[in-house]
Amino acid sequence: MRRLLLLCLAICLVLPASAAIPGDLDGDQTVRSDELSAAILTYLDGRYQGGDAGLTQQEICDAAYLCEYHDGRAWSVTDTSGRETVLTSPLRRVVVFNGETIETLRSIGFDTTRIVGVDKYTSEKTAFFPEFTDTANVGSVWSPDYEAVLALRPDAVFLYGTTSKSSCDGIQETLAASNPEIRVFRFDCYIPGTYMQEVREIAEITDREEEAEAFIGFYTSVMGEISNKTAGIPESERPDVYFEYWHDYQTVSNGSGYDEKITLAGGRNIFHDESGSSPEIDPEAVIISNPDLIIKLAGKSLEFGGYKGTEISEFKTVYDSLTARAGWDHLSAIKNGRVHLIHSDILGGAQHFIGTSYLAEWCYPEKFQDLDPHAIHLRYLHEFQHLEGLTPDEAAFTYP
Amino acid sequence: MKSPALLILIICLLALTMPAMAGSPSVERSISTPVPGSEFTVTLVIDGIQTGGIVETLPEGFNFAGTACPEGSWSLKGDTLAFAVTNMTEITYQLRAPEGALSGRITGVWEDFLNETTGTVSATEAGTTAPAEGTPEPTASGCMALLPFLALGLLCILMRGGRT
């Protein structure tokens, strides 16, 4: 008897809980079209013909949705954290804690009026996210406003998949304890190696597969062209790249997304083997390494340019101070004029493919002379982000 | 003369393009002319609703006489007639008009369960006065269709007038 109980318990733990299917009259976990018709008539009877209430309006809508998009059955999705979620209804009230996922939802044509709460950084980016100016601000993954989240009565919350893992785990646990009905999904949406898989999974959740394939086609055409031309280049023939964050002499190493993008673009990060993903290095180490290419990141602590488009002249000021650093006049990169600034808006998040195409162009100007990163940028904004009125100056993102 | 002509041309174009512009869900009702004591047909044209429901409220004295919709997709209760809409673009049903002259209105509501919207079906007068012999049977929603042709005719007249 005890064995049987243990077996039942094990089965319950292993199998995802089978969710109730609205309108499923015979309990076969499927709502067929005849069952849907019967449920609709019962609902109409309850609402308009003085009969007993059947399913609620939302349950009828859920049943109709399942019939239309999922052959009347529940569907399941596994997110980046490896957690499987069984869905029986569309996402209607969504809170998103990371702007990269909001941007991705927009890329696949998700109805953004269903996003009822956004993180504070998205709220601040009014030029890029104009539709969320009046949307509730739910704080950040490091300082979430639980009261605000729960007051919004969300049916889904999106958090980072692997970034800020402990903070996001904490939010997920708190939400589960407060309201187990809230579906939590975990995606990063900025890492090249996992981004396309994440786009497909988000498309499955939102039933936007067709639109997602159009975006995937665009993204892979850009990244595919780059990797096709750079993948076979031997390590010894790759240009040595020094990449610097907005803080002087803070660089990137193995495990950092920027390091991954340098490699994809065909460069060799001279501090790839340093410990920590964003180590501070000795200025002498740069001079000794004598990089072929120097790239500095603008944005955040060097707040100019980008979608805000403010103080673009600062690019030149930073560029001049960079090239005037003590001992740098002997560096190959300085002598050959291969120093560039790039804004994190197009390299750090979901738009990393735009920034990566600039890196590729700077690493191999001849190989990528037909690549037009600015045209890629504009097509992304207009065709996939639906920001037809946003045509930013290239000078706000890269220099020179 | 140019301004009225331009205005009429715009009206023409708007009238011609109106049906194409109608992207949101809608249900329109038309009826054949009721004759006292006889059956007549009510047609509901459904646009943009894949899965939904329609409830018609029948006027007093008019009785439901049948529908071609399959069993299990409609129900009659008192003076209300409900339809479950699944991938249909048109529903027809028959009503029997009362003996003698009577008037009444058919009203209706619809719900679109995929777009999660609701709306009303414009009321239709269902008077039972027999039409004069030879008079074509008008439909309740057919008048709008004549608008482009009327406007075009008026435009031609105005343009001719402008040449003289």
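Presented here is a report on the structure given in the accompanying data block. (Residues numbered from 1 in each chain as written. Chains lettered and ligands numbered in written order. Predicted model: local features only at pLDDT ≥ 70, side-chain atom pairs only at ≥ 80, totals over all residues. Heavy atoms only, no water.)

## What to know about the side chain of Thr251(A)
Residues and elements named next belong to chain A. The test is simple: Helix and strand labels come from DSSP, where a helix needs a run of H or I of at least four residues and a strand needs a run of E of at least two; each type is numbered from the N terminus. For each residue, the accessible area found with a 1.4 Å probe, counting protein chains only, is set against the maximum for its type, and the residue is called buried under 20%, exposed over 50%, and partly exposed in between. Two N or O atoms count as a polar contact when they lie within 3.5 Å, although within protein this holds only if one can serve as hydrogen donor and the other as acceptor, and sequence-adjacent residues are included solely when both atoms are side-chain atoms. Any two residues whose heavy atoms approach within 4.5 Å are treated as being in contact.
As for its placement among the helices and strands, Thr251 is situated in the loop between strand 8 (240-244) and helix 10 (257-264). For Thr251, a relative accessible area of 0% puts it in the buried group. At 2.6 Å, the side chain of Thr251 and the backbone oxygen of Phe243 are in polar contact. Discounting chain neighbours no more than four positions away, the residues touching Thr251 are Tyr242, Phe243, Tyr245, Phe271, Ser277, Ser278, Pro279 and Ile281.

## A short note on the interface of chain A and chain B
Applied cut-off: As used here, buried area is the combined drop in accessible area, with a 1.4 Å probe, of two parts when they are placed together. Each reported salt bridge corresponds to a side-chain nitrogen of Lys or Arg within 4 Å of a carboxyl oxygen of Asp or Glu.
With 22 residues of chain A at the contact, the number on the chain B side is 23 residues. Summing both partners gives a buried area of about 1700 Å² for chain A against chain B, and 61% of it is carried by carbon and sulfur. Of all residues in chain A, Leu41(A), Tyr48(A) and Gln49(A) give up the largest surface area on contact with chain B, accounting jointly for 35% of the area buried on that side. Measuring nitrogen to oxygen at the nearest pair gives 2.8 Å for the salt bridge that ties Arg92(A) to Glu116(B).

## So, the sheet that holds strand 9 (residues 268-269) of chain A
Residues and elements named next belong to chain A. Here is the rule we go by: When DSSP finds two or more bridges between a pair of strands, those strands are recorded as paired.
The strand order across the open sheet formed by 5 strands is 9-8-10-11-12, and the pairing between neighbours is mixed. Taken across any chain shown, the strands that pair with only one partner, and hence form the sheet edges, are strand 9 and strand 12 (398-399). The pairing of strand 11 (residues 339-343) with strand 12 spans 2 bridges and is antiparallel. Opposite Ile342, over in strand 12, you have Thr398 as the bridge partner.

## Digging into helix 14 (residues 352-363) of chain A
All names here are of chain A. To keep things clear, this is the line we draw: How far a helix is expected to stretch is found by multiplying one less than its residue total by 1.5 Å.
The terminal C-alpha atoms of helix 14, which comprises 12 residues, lie 16 Å apart, in line with the 16 Å expected from a rise of 1.5 Å per residue. Burial within helix 14 is extensive, with 11 of its 12 residues counted as buried. Within the span of helix 14, buried status applies to His352, Phe353, Ile354, Gly355, Thr356, Ser357, Tyr358, Leu359, Ala360, Trp362 and Cys363.

## What about the sheet that holds strand 7 (residues 183-186) of chain A?
All names here are of chain A. The 5 strands lie next to each other as 5-4-3-6-7, forming an open sheet whose pairing is parallel. In the strand order of this sheet, the two ends are held by strand 5 (136-137) and strand 7, each with one partner. Looking at chain direction, strand 4 (residues 115-118) and strand 5 are connected through 2 bridges and run parallel. Residue Val118 lies in a different strand from strand 5, and its bridge partner there is Asn137.

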